[in-house]
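Examining the three-dimensional arrangement
Each chain, letter by letter, is given below.
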Amino acid sequence: MLTVVALKALVIWGSILVLAVANGALRESVLIPGVGTPAAFVLSGLLLSILIIGVAYLSLPWLQISRPVQLWAVGLGWLALTLVFEFSFGLWQGKSWPELFEAYTFKDGNIWPIVLAATALAPYIAAQLRGWA
């Protein structure tokens, strides 16, 4: 059962990753030219947070979890996967550690830490919205 939930959670996180990449493309191609960098980062971060919670809401019946410890485990797993991906991809691109950590400073409207919090909390929030927790 634990392996099945973990694999399903990984598949769901993969869909979140696809949405995050699409969100980044939207931010770079439409939002930044249209409203400027600070507003674009805020809008993009809010949109991604909503999308992540929406994916969690839609996927909870498939995951078949409802206990708070399970919801937290999935959310923290998604957070860990996201951090590993972000730092690995950034280092692969040749970015320095200071450059990578800049995303956590709220500089220029970047609300990345809020997106990470939404990622960790998404399964629990989704269960609350469904009236399960």
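These notes cover the structure that comes with them. Being a predicted model, the structure only gives us computed values, none of them experimental. (Residues numbered from 1 in each chain as written. Predicted model: local features only at pLDDT ≥ 70, side-chain atom pairs only at ≥ 80, totals over all residues. Heavy atoms only, no water.)

What follows is about unusual backbone geometry. Glycine aside, negative phi is the norm for most residues, and most peptide bonds take the trans geometry. Its identity as a non-glycine residue notwithstanding, Q64 has a phi of 60°, on the positive side. Position of Q64 relative to the elements: it lies in the loop between α2 (37–63) and α3 (68–92). Given a relative accessible area of 56%, Q64 falls into the exposed group. (Helix = DSSP H or I, 4+ residues; strand = E, 2+ residues; numbered from the N terminus. Buried < 20%, exposed > 50% of the residue type's maximum accessible area, 1.4 Å probe, protein only.)

Glancing now at helix α5 (residues 112–130). The first and last C-alpha atoms of α5 sit 26 Å apart over 19 residues, in line with the 27 Å expected at 1.5 Å per residue. Turning to α5, its buried residues are W112, V115, L116, A118, T119, A120, A122, P123, A126 and A127. Taken from the residues just after α5, G131 is the one with a positive phi, measuring 75°. (Expected span 1.5 Å × (residues − 1).)

In helix packing, the relevant descriptors are the interaxial angle and the interaxial distance, both defined with respect to the helix axes. It is at 8 Å that the axes of α2 and α5 come closest, and there the two elements cross at 30°. Relative to α5, α2 is oriented so that their crossing is right-handed. Where α2 abuts α5, its residues G45, L48, S49, I52, I53, A56, Y57, L58, L60 and P61 lie against W112, I114, V115, A118, T119, A122, P123, I125, A126, A127, L129 and R130. Class assignment for the residues of the contact of α2 with α5 results in 18 nonpolar, three polar and one charged. (Axes fitted to C-alpha atoms, helices over the stretch in contact; angles between N-to-C directions. Left-handed = near helix turned anticlockwise from the far one by under 90°. Contact = heavy atoms within 4.5 Å. Nonpolar A, V, L, I, M, F, W, Y, C, P; charged D, E, K, R; others polar.)

All right, on to the packing of aromatic side chains then. Under the counting rule described, the total for this entry stands at nine aromatic pairs. Measuring from ring centre to ring centre gives 5.5 Å for W72 and Y124, while their planes differ by 25°; the resulting arrangement is stacked. Here W72, found in helix α3, pairs with Y124, found in helix α5; they are 52 residues apart in sequence, far enough to count as distant. By relative accessible area, W72 is classed as partly exposed at 34%. Y124 gets classed as partly exposed once you look at its relative accessible area, which sits at 26%. Each residue in the set W13, F85, F89 and W92 is aromatic and connected to the rest through ring pairs, giving one cluster. Positioned above the aromatic ring of Y57 is the side chain of R130, whose terminal nitrogen or guanidinium carbon lies 4.1 Å from the ring centre. (Phe/Tyr/Trp six-rings, centres within 6.5 Å; stacked < 30°, edge-to-face > 60°. Lys NZ or Arg CZ within 6 Å of the ring centre and 35° of its normal.)

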